[in-house]
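A structural walkthrough
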Amino acid sequence: MGIWIVLAMWSTLGEPARWTTAPALAPPSSWETARSREEPTGVPRKVATRTLDGQELLNIGDLHEVQNHFEEALPYYQRALQAFREQQDRKGEATALVKIGSLRERQGKPAEALEALQASLPLLENKGPERLRARALFTVGRVAESLERIQVAERAYQDAGRLYLRMGDPEGHNDTRIRLGKLWVAKDRLEEGLALLQAALENAGTRRDLTQQVGALIAIGEARLREGNLDQAIHDYRRALQQAEDQRELPLEAHVRTRLAQTYASAGRPHEGVAVAQRALTIFQTLRDRSREADTLSLLGNLHRESGDSASALQHHQRALALYRALRDSQREAGSLINLASVYEVQGAMEEAQETRAKAIFLLQPESP
C-alpha cells in the first residue's frame, strides 16, 4: 500500500479550496525488483516523455502562486496560454489570460494586468463560462479603478453585476454594488453612491453576510467623511468594528480600527483614537505585517502629538522610522522624518527639527540619471 498525501489546491480566482489526494512514492514491488535484475546493464533505456498540456501547466502555476512565488508561476501560465492557443481552446485561453491578469495585479503591475484581462473578454463573449467572465469583469473594474480609468471601471462593474444577477449569485452581485458605490463616492457622486451602498448593506444583512456588511459600512463611513459628517462616520465605523470583532477577522478588525482612529483625530478626539489604534498595532505585530505596523506607529505618533504627549509621539515616530528604513521605503521614510521634525518643533528643539527636515528633503529629491 502506498502512503497518501493530502494536497490543498487553491484557485487564484477566489474559488473555494479543492482537496485532492496524491499517492506518495511507494517502495518497488518484488516483481519490479526481479525485473530490474534481469535487464541487461549498459543498454540505454527508452524513457517515454510527454509534453504537459495546458491544464497541467495551469495547475503547476497555481501551486507556485498560492505560495506567492509569482515569478515562478508566470512562465507556467504563459506556457499554458500558448498551449491553449495551439489547440484553439478558447475557454482555456481565456482562463490563462485571467490568471495572468490576476497575477499581474498582485505583482503591482496594473497596466499589464488590464491588458491580459481585457484580452480574455472577447473569448468569453458568447460561449464562455459566465462565472469566469463575471470574475474577469470584476477584476477589470478593480484594476482600471487603480489606473484612474474610471469609465472602464464603472462599465466593468455594471456588466459584472448584471452577470452575477443573471446567474443567481447574490454575493457576487452585492460585491459589485459595494465596489461601484465606493467608486461613485470617491468621484463625489455621493447621493448615488450612498444609495447603492445602503442597498448593499441591507442585502448583506438579509443574507447575514458579515464580511459584506463590514465592507459596506466602511464605504458608507467614507461617504459620511466626504459629507463632513464626522459623528455619523464614527458611528458607521464603530458598527463595522463590532462586525469585524464578531467574525474574529484580525486583518479586517485592524483595518477598521485605523480608519476609526483617523476619524477620531479629524473630529478632535485624539485620546479616543489612541485607544483604538493601539489594538490595531498589536494585531499587525501579531500578524507580522511590518508595513502596516509602521503605518500604525506613525498614526499613533500623530495622535499622541495632537493629544499633547510629545514624548510618546517622538517614541512612536522613531519606531516607525526604523521600520520604514528596514523596509527600504524611502518615500515613507521621508514622511516619517517630517513627522519627527514636527514633534521636535513642538518640543522647542529647532536645530534637530531643521536637520531632520533636511534629511527628508534629500530623500525626496529625484536620483541623478
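One can find the structure itself at the top, above this paragraph.
Notes on the structure in this doc start here. Since the model is a prediction, treat every value here as computed from it, not as a measurement.

This part takes up the environment of Q55. The residue Q55 is located in helix α2 (residues 54-65) in this model. Measuring from C-alpha to C-alpha, the distance between Q55 and A96 comes to 9.1 Å, with 41 residues separating the pair along the chain.

Before going further, it helps to examine the side chain of D209. The topology assignment puts D209 in the loop between α9 (190-206) and α10 (210-227). Look at D209 and you get buried, because its relative accessible area is 13%. Each residue touching D209, except ones within four places of it in the same chain, is listed here: E171 and A204.

Right, let's talk about α10 for a bit. Between the first and last C-alpha of α10 there are 26 Å, a value that for 18 residues agrees with the 26 Å anticipated at 1.5 Å per step. Regarding α10, the residues found buried are Q212, Q213, V214, A216, L217, I218, A219, I220, G221, A223 and R224. At its buried positions, α10 is contacted by α8 (170-186), α9, α11 (230-247) and α12 (250-266). The N-cap of α10, judged by a side-chain oxygen 3.3 Å from the amide nitrogen of T211 a few residues on, is D209. Remark: G228 follows α10 within two positions and exhibits a positive phi of approximately 85 degrees.

Interhelical geometry of helix α15 (residues 310-327) versus helix α16 (residues 330-346) gives an angle of 160 degrees and a closest axis separation of 9 Å. Between α15 and α16, the crossing angle belongs to the class labelled roughly antiparallel. Seen along the crossing, α15 lies across α16 with a hand that is left-handed. Seen from α15, the contacting residues are S310, A313, L314, H317, Q318, A320, L321, Y324, R325 and L327; seen from α16, they are R332, E333, S336, L337, N339, L340, V343, Y344 and V346. For the contact of α15 with α16, a count of residues per class yields 11 nonpolar, 5 polar and 3 charged.

This model, assessed by the stated rule, comprises 26 salt bridges. Its salt-bridge partner being R257, residue E253 comes within 2.9 Å of it at the nearest N-O pair. Here E253 pairs with R257, and both are found in helix α12, just 4 residues apart, close to one helical turn. Residue class for R257 comes out buried when judged on its relative accessible area of 10%. When the shortest N-O distance is used, the salt bridge between E333 and R325 registers 2.9 Å. Residue classification places E333 among the buried positions, given a relative accessible area of 13%. Through salt bridges with shared partners, one network takes in E245, E253, R257 and R279.

Reading the values: rules and limits
Residues numbered from 1 in each chain as written. Predicted model: local features only at pLDDT ≥ 70, side-chain atom pairs only at ≥ 80, totals over all residues. Heavy atoms only, no water. Helix = DSSP H or I, 4+ residues; strand = E, 2+ residues; numbered from the N terminus. Buried < 20%, exposed > 50% of the residue type's maximum accessible area, 1.4 Å probe, protein only. Contact = heavy atoms within 4.5 Å. Expected span 1.5 Å × (residues − 1). Polar contact = N/O pair within 3.5 Å; in protein donor to acceptor, adjacent residues only side chain to side chain. Axes fitted to C-alpha atoms, helices over the stretch in contact; angles between N-to-C directions. Parallel < 35°, antiparallel > 145°, perpendicular 65-115°, else oblique. Left-handed = near helix turned anticlockwise from the far one by under 90°. Nonpolar A, V, L, I, M, F, W, Y, C, P; charged D, E, K, R; others polar. Salt bridge = Lys/Arg side-chain N within 4 Å of Asp/Glu carboxyl O.

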